[in-house]
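Residue-level structure breakdown
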Amino acid sequence: MAATASNDSANNGPVGGERKKKSDQDVPPPLPAPLAVPVADSHTHLDMQSGTVEDALAKAASVGVTTVIQVGCDLAGSRWAAETAAAHEPVWATVALHPNEAPRIVLGDPDGWSRQGAREPGGTAALDAALQEIDRLAALPQVRGVGETGLDYFRTGPEGMAAQEYSFRRHIDIAKRQGKALVIHDRDAHDDVLRVLAEEGAPERVVFHCYSGDAAMAKVCAEAGYYMSFAGNVTFKNAQHLRDALAVAPLDLILVETDAPFLTPAPYRGRPNAPYLIPVTLRAMAGVKDIAEDALATAVAANTARAFGY
């Protein structure tokens, strides 16, 4: 469901010299060489990937990805995340209404673009009811984060911004009251995301999932103590701003993620992503940071555990 994951498949398609034959696009990339130091995928969507959860976890573990954070984007997905985390030891959950989900609840979704199909407008009352359920789920012990929440000005136009910001502020409150990490989705909305965090008072632990800002914003996040999680798009040819941000991000605030099934790292861009491809992105990140692969893996493993409190 590309519409509910950040920097979705619109940014994951083949471009330029990385263009694939159409017949190759559904073929999973090969297993990378295993990491010597186990790490976590800090943000994935197992419910949007093919195959079973058990198979996905086994493939990930075989290359040193021993923990995954399963992220909720709507009520159904958040319930599934909590249930899956309860059933599988390597999985922790986060729960939330994605920034693009909040306007659908309030204004309706006549085209049925989301997984729930066509919906009638529910107004603020429906959004409040959904947020109450997120609050309930956030209290569960296997749920370690509230997110992905935030602002997305790419998919949602001006008519949905009020619902997005209201929902974002409510999620910040839930994260603080429940003592959980806040997982931020920020697409084309950097200044407003930082503004709302400052106005509401950020939770103790904030993770910018699929970090999309530049080096200057990375310095602002670092000063605030916000974690920055980098996805496969840090390997894209047109993403020098992400590599510049990674270069200045403090080692103790860096995470790695897939956002699978989206944002598959080069050289497999455009093919299905999954947690087992974390080593590809991590090795590229180590090159940008000019540090040893094992040193980066050790840092991001500790950072992810600290960020999500496991």
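As shown above, the structure is provided for reference.
Now for a description of the structure that goes with this document. Remember, predicted model here, so these are calculated numbers, not experimental data. (Residues numbered from 1 in each chain as written. Predicted model: local features only at pLDDT ≥ 70, side-chain atom pairs only at ≥ 80, totals over all residues. Heavy atoms only, no water.)

Turning to helix α8 (residues 240-248), a few remarks are in order. Of the positions making up α8, those classed as buried are L242, R243, A245 and L246. Buried residues of α8, viewed axially, fall in a sector of 160 degrees; they line one side. Residues of α8 that are buried make contact with α7 (215-224), β7 (227-230), β8 (254-256) and α9 (278-289). (Buried < 20%, exposed > 50% of the residue type's maximum accessible area, 1.4 Å probe, protein only. Helix = DSSP H or I, 4+ residues; strand = E, 2+ residues; numbered from the N terminus. Arc of directions from axis to C-beta. Contact = heavy atoms within 4.5 Å.)

A cis geometry characterises the amide bond from G147 onward to E148, with omega recorded as 20 degrees. Inspection of the secondary structure assignment puts E148 in strand β4 (residues 143-152). Residue A266 is joined to P267 through a cis peptide bond whose omega torsion reads 10 degrees. Mapped onto the elements of the fold, P267 is located in the loop between β8 and α9. Even without glycine at this site, L263 takes up a positive phi of about 60 degrees. When you line up the elements, L263 lands in the loop between β8 and α9. Assessed through its relative accessible area of 0%, L263 is described here as buried. Non-glycine residue D290 carries a positive phi angle of around 55 degrees. Relative to the helices and strands, D290 is located in the loop between α9 and α10 (293-308). Taking the relative accessible area as the measure of exposure, D290 reaches 70% and is therefore exposed.

This paragraph deals with the nonpolar core. Ranked by internal contacts, the top residues of the largest apolar core, which has 87 residues, are F168, L182, L197, F208, Y211 and F230. The greatest single-element share of this core, amounting to six residues, is contributed by helix α4 (residues 123-138). With sequence-adjacent residues up to four places away left out, L182 is seen in contact with V146, T149, F168, H171, I172, A175, L197, P203, R205, V206 and V207. (Core = buried A, V, L, I, M, F, W, Y, C linked by side-chain atoms within 4.5 Å.)

This structure, assessed with the given rule, holds three aromatic pairs. Directly above the aromatic system of F154 lies the positively charged group of R187, at a separation of 3.7 Å from the ring centroid. The aromatic ring of F236 is capped on one face by R269, whose charged end is 3.7 Å from the ring centroid. (Phe/Tyr/Trp six-rings, centres within 6.5 Å; stacked < 30°, edge-to-face > 60°. Lys NZ or Arg CZ within 6 Å of the ring centre and 35° of its normal.)

Here we come to the pattern of salt bridges. If you walk through the whole model with that rule in mind, you get 14 salt bridges. When the shortest N-O distance is used, the salt bridge between E165 and R195 registers 3.0 Å. Of this pair, E165 sits in helix α5 (residues 161-178) while R195 sits in helix α6 (residues 190-200), and the two are 30 residues apart along the sequence. A salt bridge links R169 to E200, with the shortest nitrogen-to-oxygen separation between them at 2.6 Å. Here R169, found in helix α5, pairs with E200, found in helix α6; they are 31 residues apart in sequence, far enough to count as distant. Note on E200: relative accessible area 29%, which makes it partly exposed. (Salt bridge = Lys/Arg side-chain N within 4 Å of Asp/Glu carboxyl O.)

Geometric values such as these leave the question of function open.
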